[in-house]
2 protein chains.
Amino acid sequence: MTRVRTNKPSEQRREEFLDAAEQLFMQQGYDSTSVNDLLKAVGLSKGAFYHHFDSKQAVLEALTDRMLTSFAPHIQGLIDDPALPALEKWRALMSQSNRWKLEHKDALLLQARAMHQGSNLKLRLTLTEKTRRLAVPLYAQLLAQGAREGVFDIEQPEATAELLFALLAAQGERITEILLAPDSAPEPVEACCQLLAASQQALERTLAAPAGSLPLADPALIAAWFE
Amino acid sequence: MTRVRTNKPSEQRREEFLDAAEQLFMQQGYDSTSVNDLLKAVGLSKGAFYHHFDSKQAVLEALTDRMLTSFAPHIQGLIDDPALPALEKWRALMSQSNRWKLEHKDALLLQARAMHQGSNLKLRLTLTEKTRRLAVPLYAQLLAQGAREGVFDIEQPEATAELLFALLAAQGERITEILLAPDSAPEPVEACCQLLAASQQALERTLAAPAGSLPLADPALIAAWFE
DNA sequence: TTAAATATACCGACCGTCGGTCTGTTTCGC
DNA sequence: GCGAAACAGACCGACGGTCGGTATATTTAA
């Protein structure tokens, strides 16, 4: 029962495996997806898989890298823009990411649901850790610029950037929680808006920025997330 | 080759398994510790294990619960104290926890090393998540009291408590990172102190508390952590 | 007082699945 | 047509978990 062989270049096969992995991990979670599941999805054998990847863990690494590297250059470009003031950059960052997220609302909700599956701890943690390592230097750069411009009053951009990321991540977690279980709160939209307000205030106070200068998301956008 | 049987009450056996689990998880990590390892350590059989626990995961749950519940009552009592002002409670909380941590320095360093093993993701995440659920309401209580007393200016104690926890957790992570790899930074003590200063400032600004009113740890204590 | 009956603690062979290895075969550029 | 890359799939040991059965403790009743 020899099947038809169509050898392809490494790069291409890797992408096929990663595509299958992305889909399966999002459906069943990382732990619950066996290597055999991947093989079946791609239609290849164990030998093929271990020819292109060292381990199952390597797939996770490659996949998380792929998920992040698409965003990086664009954001890096925005942060590096020598013409834009820090506050403008922040607003651009937020509005762009808010718009993009809303456009991909359904896919993101599915992803969030998948990520909170318990069989996806590794994927989730790997992703947030890589996001952190990617985002913190950018935040630090933005904070330093703001401090130079006099709109922020902070002594240590790097340390503060870490806290900023932690704050935003925590806020995102809480909002996702409500989004995934809207019935847990009596007024989910209201709850999210309060969370956002608290985060924004904490943020602005921490950076000693003028109140209202670091918007996160307006209530209309939140409402749109609940259909 | 029937081995000698010594039946014991459930409670006691569970504790024996949990003791073994605690030790083994700290040495090899959760994933790398097999149920058979536990059996060997306790000197019992598979049947015995699955008589007392539903699954390996159940051991993790029970263990993390046990690790946390010992602290809870004491802290709860401190927070509930009707006589102490909020700022006093904060200082007491910090000094007590700092003192306790320093006293258990070696054990905590070992634990931190174990927790960052990669084969301990589940244990680590479960523990921090349970800590969060335990700590956030207490923080919220403290923040509300402070707001009532006029030393804090915050609108939403619950949301702010979440941010507070995230901030402290992130700071703890970064300091632990330096502590476990002191050679990564040129001046580890200095780096920790800067992190602490940034956190304290962020904290005080977020709560609109007077500068210096929410101390975290003094440089002498940090120095003590690096021998 | 003790023997039967029941409940609980425990044993260990066994099972399916998993990630990973190994030996061999096919494909393809040169 | 040759050598290397791409692939096939049988195989391996370890894992978490199950199951039928046994030993011990406790209650019940004669």
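Small disclaimer: the values here were computed from a predicted structure and weren't measured.

**Here's the deal with the interface of chain B and chain A**
At the junction of the two partners, chain B supplies 29 residues and chain A supplies 29 residues. Contact with chain A buries area across many residues of chain B, yet Leu125(B), Leu163(B) and Arg205(B) alone supply 26% of it, more than any other trio. There are six salt bridges connecting chain B and chain A. Residue Arg174(A) pairs with Glu162(B) through a salt bridge whose shortest N-O separation is 3.7 Å. In this assembly, chain B and chain A are joined by six residue pairs in polar contact (both at pLDDT 80 or more). Contributions of two or more residues to the side of chain B that touches chain A are made by α8 (121-149), α9 (157-180) and α10 (188-207) of chain B. In terms of residue count, α10(B) provides more of the side of chain B that touches chain A than any other element does, 10 residues in total. Here the side of chain B that touches chain A is composed, by residue class, of 14 nonpolar, five polar and 10 charged.

**Observations regarding the relation of the copies chain B and chain A**
Superposing chain B onto chain A requires a rotation of 180° together with a translation of 0.0 Å along the rotation axis, leaving an RMSD of 0.1 Å. What the rotation and shift describe, once combined, is the action of a two-fold rotation axis. A symmetric contact is evident, with 100% of the interface residues of chain B recurring at the interface of chain A.

**With respect to the nonpolar core**
Ranked by size, the top nonpolar core spans 44 residues in total, and within it Trp90(A), Phe152(A), Leu168(A), Leu203(A), Leu207(A) and Leu214(A) carry the most contacts. Of all the secondary-structure elements, those providing two or more residues to this core are α5 (72-80), α6 (86-103), α7 (105-115), α8 (121-149), α9 (157-180), α10 (188-207) and α11 (219-225) of chain A together with α9 of chain B. Here the element with the most residues in this core is α9(A); it accounts for nine residues. Setting aside residues up to four positions removed in sequence, Leu214(A) forms contacts with Leu87(A), Trp90(A), Phe152(A), Gln200(A), Leu203(A), Glu204(A), Leu207(A) and Ala209(A).

**A look at the environment of Ala191(A)**
Within the secondary structure layout, Ala191(A) lies in helix α10. Residues within four places of Ala191(A) in sequence aside, it is in contact with Ile178(A) and Ala185(A).

**Let's talk about α9(A)**
Between its terminal C-alpha atoms α9(A) stretches 34 Å, which fits the 34 Å expected from 24 residues at 1.5 Å a residue. With 19 of 24 residues buried, α9(A) lies mostly within the body of the structure.

**Overview of the UniProt feature "DNA-binding region" (unreviewed entry) in chain A**
Under the feature "DNA-binding region" (unreviewed entry), the UniProt entry names residues 34-53 of chain A. Across residues 34-53 of chain A, helical content stands at 75% and strand content at 0%; the span's end C-alpha atoms are separated by 14 Å.

**Section: the packing of aromatic side chains**
All names here are of chain A. With the rule as written, the count across this model stands at 12 aromatic pairs over all chains. Look at Phe17 and Phe49: their rings are 5.4 Å apart centre to centre, the planes differ by 80°, and that puts the pair in the edge-to-face class. Of this pair, Phe17 sits in helix α1 (residues 10-28) while Phe49 is found in helix α3 (residues 46-52), placing the two residues 32 residues apart along the sequence. One residue, Lys56, lies across the ring of Tyr30, its end atom 4.4 Å from the ring centre.

Cut-offs applied
Numbering of residues starts from 1 in each chain and follows the order in which that chain's sequence is written. Numbering of ligands from 1 and lettering of chains from A proceed in the order in which they are written. For this predicted model, a pLDDT threshold of at least 70 governs which residues receive local features, and a threshold of 80 or more governs which side-chain atom pairs are given and counted, while totals over whole chains, interfaces and linings are taken from all residues. With hydrogens and water stripped out, all remaining heavy atoms of the structure feed into the side-chain values. Should any heavy atoms of two residues lie within 4.5 Å, those residues are counted as being in contact. Each of two parts loses accessible area, computed with a 1.4 Å probe, when they are put together; buried area is these two losses added. The term salt bridge refers to a pairing of a side-chain nitrogen on Lys or Arg with a carboxyl oxygen on Asp or Glu at a separation within 4 Å. Any pair of N or O atoms that falls within 3.5 Å is considered a polar contact. Within protein, one atom must be able to donate a hydrogen and the other to accept it, and sequence-neighbouring residues count only if both atoms are side-chain atoms. The secondary structure listing takes helices from DSSP runs of H or I that are at least 4 residues long and strands from runs of E that are at least 2 residues long, numbered from the N terminus. All amino acids are sorted into three groups, where Ala, Val, Leu, Ile, Met, Phe, Trp, Tyr, Cys and Pro are nonpolar, Asp, Glu, Lys and Arg are charged, and the leftover types, Gly among them, are polar. Here the copies are superposed with least squares, the fitted atoms being C-alpha atoms of residues at a pLDDT of at least 70 in both. Throughout this description, the term nonpolar core refers to a set of buried Ala, Val, Leu, Ile, Met, Phe, Trp, Tyr and Cys residues connected via side-chain atoms within 4.5 Å. The buried label applies to any residue whose accessible area, calculated with a 1.4 Å probe on protein chains only, is under 20% of its type's maximum; exposed applies above 50%, and partly exposed to all values in between. One less than the residue count of a helix, multiplied by 1.5 Å, gives the span that helix is expected to have. UniProt positions are given in the numbering used here, feature names are shortened, and annotations may be inferred rather than shown by experiment. Any two rings among Phe, Tyr and Trp, with Trp reduced to its six-membered ring, count as a pair given centres within 6.5 Å; such a pair is stacked if its planes are under 30 degrees apart, edge-to-face if over 60, and tilted if neither. In this scheme, the term charge over a ring applies when either NZ of a lysine or CZ of an arginine sits within 6 Å of the ring centre and within 35 degrees of the ring normal.

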